[in-house]
Structures are given as structure tokens and as C-alpha cells.
Amino acid sequence: MSQATARHILVASEEQCLNLKSEIESGKDFADIAREHSLCPSGAQGGDLGSFRPGQMVPEFDKVVFSSDLNTVMGPVQTQFGYHLLEVTSRS
């Protein structure tokens, strides 16, 4: 069965999500941005979610994690929790 590791940043608005994505694309560190801005407790670990299998996260999240390129910041992805930036760090 597939498995992935990923990190994310959760914020309340699409606008903030887009602004943070621009900062990361301009060279700012994903983990630093996560620690400073993420509403998820994983923000304290730089957004690291560890490893998980399909179905362990909400469907919108799974769709991106199990289909996007590795080490590319994806998003905004809207879920019931807010807006996410996602980066898949490995998948097997």
C-alpha cells in the first residue's frame, strides 16, 4: 500500500496561503514559515506530518499528496480545517 511523508502549513484564508507560498517560492524556509504561521500543532515541528497512508487524511489532502510531484509546494488546498500549503517529501 502507498505511503507518503509530507509537511504542511494551515492558515485561515486563501489570501494568506497565497502570500506564504510566494514567500517560500522567493526563498524563505518552509519549516520557518510553518512554525511562525501554521494553525496546526504540527507547525511546531516545521509542519512535519510524518508518514501516512491513503485515507488517513481528509480526501482533498490525500488527492494532492498521492498525486503531486515530490518536494514541490502545492496549494492552496481548501479543507474543512482551512487552507493548506503541502509539500510531499517522500512517497512509496
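Preceding this section is the structure that the text describes.
These numbers come from a predicted model, not from an experiment. (Residues numbered from 1 in each chain as written. Predicted model: local features only at pLDDT ≥ 70, side-chain atom pairs only at ≥ 80, totals over all residues. Heavy atoms only, no water.)

Colleague: Whenever I open this one, the sheet that holds strand E3 (residues 73-79) confuses me. Can you help?
Modeller: Sheets are built from strands paired through backbone hydrogen bonds, the pairs being either parallel or antiparallel. Taking strand neighbours across the sheet as the criterion, the 4 strands line up as E2-E1-E4-E3 in an open arrangement whose pairing is antiparallel. Each of the sheet's edge strands pairs with one partner strand only, and the pair in question is strand E2 (48-52) and E3. Between one strand and the next, the sheet's axes are offset by a mean angle of 35°, whatever the strand orientation. Two strands pair when backbone bridges link them, and strand E1 (residues 4-11) and strand E4 (residues 82-91) are joined in this way by 8 bridges, in the antiparallel orientation. From the neighbouring strand, Ile-9 faces E4, where its bridge partner is Leu-85. Relative to E1, helix H2 (residues 30-37) is tilted by about 45°, and along the sheet it contacts E1, E3 and E4. (Pairing = 2+ DSSP bridges. Helix = DSSP H or I, 4+ residues; strand = E, 2+ residues; numbered from the N terminus. Axes fitted to C-alpha atoms, helices over the stretch in contact; angles between N-to-C directions. Contact = heavy atoms within 4.5 Å.)

Colleague: So what exactly am I meant to see when it comes to the packing of aromatic side chains here?
Modeller: Within the structure shown, the criterion is met by 2 aromatic pairs. Judged by centre distance (6.4 Å) and plane angle (55°), the rings of Phe-52 and Phe-61 are tilted. Exposure remark for Phe-52: the relative accessible area of 3% places this residue in the buried category. For Phe-61, a relative accessible area of 3% gives the class buried. On the basis of an interplanar angle of 90° and a centroid distance of 6.1 Å, the ring pair of Phe-52 and Phe-66 is categorised as edge-to-face. One end of the pair, Phe-52, is in strand E2; the other, Phe-66, is in the loop between helix H3 (59-65) and E3, with 14 residues separating them in the sequence. Owing to a relative accessible area of 22%, Phe-66 belongs among the partly exposed residues under this scheme. Through successive ring pairs, a cluster of aromatic residues spans Phe-52, Phe-61 and Phe-66. (Phe/Tyr/Trp six-rings, centres within 6.5 Å; stacked < 30°, edge-to-face > 60°. Buried < 20%, exposed > 50% of the residue type's maximum accessible area, 1.4 Å probe, protein only.)

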